[in-house]
Amino acid sequence: MTRAENVYRIVNCRSCSARVIWTVTNPELKSGHPMMVDADPHPNGNILLARYPSIEHEPGKPVPVRATVMRPGQIAGARADGNVLYRSHFASCPHADRWRKTNAARHAKNGSRR
Ligand SMILES: [Zn+2]
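Residues numbered from 1 in each chain as written. Predicted model: local features only at pLDDT ≥ 70, side-chain atom pairs only at ≥ 80, totals over all residues. Heavy atoms only, no water.

Engineer: Could you give me a rundown of the pairing of strand β2 (residues 19-25), with the residues and numbers involved?
Structural biologist: Two elements, strand β1 (residues 11-12) and β2, share two bridges in a ladder whose sense is antiparallel. Along β2, the bridge assignment pairs N12 with R19. The turn joining β1 and β2, which pair antiparallel and follow one another in sequence, is formed by six residues; a positive phi near 60° is taken by S17. Taken together, the six bridges between β2 and strand β3 (residues 33-38) define a ladder with antiparallel strand orientation. Residue pairing for β3: I21 is matched across the bridge by V37. As paired strands, β2 and strand β5 (residues 65-69) are joined by two bridges and run parallel to one another. Across the sheet, V24 pairs through a bridge with R66, a residue of β5. (Pairing = 2+ DSSP bridges. Helix = DSSP H or I, 4+ residues; strand = E, 2+ residues; numbered from the N terminus.)

See below:
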C-alpha cells in the first residue's frame with residue numbers, strides 16, 4: 001500500500017484531454033500557482049512532485065501536490081536519489097499555443113515592447 005503514496009490524482013487536460021496532474025508550485029507562498037504536469041514521468045522531466053499534507057487544504061479534498069522545478073544541476077542528483085521526474089504539460093500540450101496567447105495578451109497589457 002505504500003506505493004499508493006506516489007500515485008497522484010489524474011485528471012484530463014481541458015484543451016487536449018491528455019492525462020495530467022494538477023500541482024501547485026510553492027504552495028506555502030502567496031506566489032504559489034497551479035501547474036499542469038504530464039501524468040507519466042518523463043525521461044527529460046525536471047519537475048519533482050510531492051504531497052504536501054502540511055499545506056492548508058479543505059477537509060475531504062485531496063492533499064495538494066507540490067511541484068518543484070529542478071535546476072539543471074539538481075536533476076542528476078534527484079534521479080540518483082531514486083526520484084522520478086515529470087514534465088510540465090505546457091511543454092507537451094498540442095494546444096499550448098492557446099495558453100501562450102493568453103499569456104502574451106497579459107504581457108502586452110503590462111506594456112512589454114516587441
Ligand atoms: Zn493539453
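Engineer: Residues and numbers for the nonpolar core, please.
Structural biologist: The biggest cluster of nonpolar side chains holds 10 residues, and these are Y8, I21, M35, V37, A39, I47, L49, V65, A67 and Y86. Only β3, β4 (47-51) and β5 provide two or more residues apiece to this core. Leaving out residues up to four positions away in the same chain, A39 has contacts with I10, R19, V20, I21 and Y86. The next biggest cluster of nonpolar side chains, apart from the first, holds six residues, and it includes C16, V20, C93 and A96. (Core = buried A, V, L, I, M, F, W, Y, C linked by side-chain atoms within 4.5 Å. Buried < 20%, exposed > 50% of the residue type's maximum accessible area, 1.4 Å probe, protein only. Contact = heavy atoms within 4.5 Å.)

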